[in-house]
Amino acid sequence: MEPICALIFPGNSIDASSYPAFIRDNNIRKVIIVADKGFPPSKIEGLLKERPELHHLTPTKRNDKRIAENSMLAFEEVLEGIIDR
């Protein structure tokens, strides 16, 4: 029941370039943005600092060194309460 915000950009625009414009144009301040790999957090670093209640979930790229450093592929557990059995 939470609102979702969407904005259409021209087909020839790059996702990473549209990312900060989307946030500014919609005055997004208190939200968690769920984005794909085309929307790198590095493109909105300034906005994240200006808007402390703006957060993001972005997939980690497969070649990210933090994957090996933190054994991120070693997890074999199941999150309880997530899947209705």
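For the structure, see preceding data.
Chemist: Is there a simple way to think about the pairing of strand E2 (residues 54-57) in this case?
Modeler: Along any regular strand the residues' side chains alternate between the sheet's two faces. In this structure, strand E1 (residues 31-34) lies alongside E2, joined through four bridges in parallel fashion. The residue of E2 that forms the bridge with Ile 33 is His 56.

Chemist: Sorry, what's going on with a nonpolar patch on the surface here?
Modeler: A grouping of Ile 32, Val 34 and Leu 57 is seen on the molecular surface, where their side chains present a nonpolar patch of about 330 Å² in accessible area. Relative to the elements of secondary structure, Val 34 occurs in strand E1.

Chemist: When you look at the packing of aromatic side chains in this model, what are you seeing that I'm missing?
Modeler: Geometrically, a pair of aromatic rings is defined through the distance of the ring centres and the angle of the planes. What the rule picks out here adds up to one aromatic pair. Judged by centre distance (5.2 Å) and plane angle (75 degrees), the rings of Tyr 19 and Phe 39 are edge-to-face. Taken together, the residues span a long stretch of sequence, with Tyr 19 in helix H1 (residues 15-25) and Phe 39 in the loop between E1 and helix H2 (45-50) at a distance of 20 residues.

Chemist: Explanation requested: the pattern of salt bridges in the structure shown.
Modeler: Pairing is possible between side chains that carry opposite charge, provided their charged atoms lie close to one another. For the structure on display, the rule yields two salt bridges. Salt-bridge contacts for Lys 30 lead to Glu 53; the nearest nitrogen and oxygen are separated by 3.9 Å. Of the two residues, Lys 30 is situated in the loop between H1 and E1 and Glu 53 in the loop between H2 and E2; the sequence distance between them amounts to 23 residues. For Arg 66, the salt bridge goes to Asp 64, with nearest N and O atoms at 2.6 Å.

Conventions used here
- Residues numbered from 1 in each chain as written.
- Predicted model: local features only at pLDDT ≥ 70, side-chain atom pairs only at ≥ 80, totals over all residues.
- Heavy atoms only, no water.
- Pairing = 2+ DSSP bridges.
- Helix = DSSP H or I, 4+ residues; strand = E, 2+ residues; numbered from the N terminus.
- Patch = residues over 30% accessible without salt bridge, like charges linked within 9 Å, V, L, I, M, F, W, Y side chains within 5 Å.
- Areas by Shrake-Rupley, 256 points an atom, 1.4 Å probe, with all protein chains shown as cover.
- Salt bridge = Lys/Arg side-chain N within 4 Å of Asp/Glu carboxyl O.
- Phe/Tyr/Trp six-rings, centres within 6.5 Å; stacked < 30°, edge-to-face > 60°.

Read these as layout, nothing more, since geometry by itself doesn't imply function.
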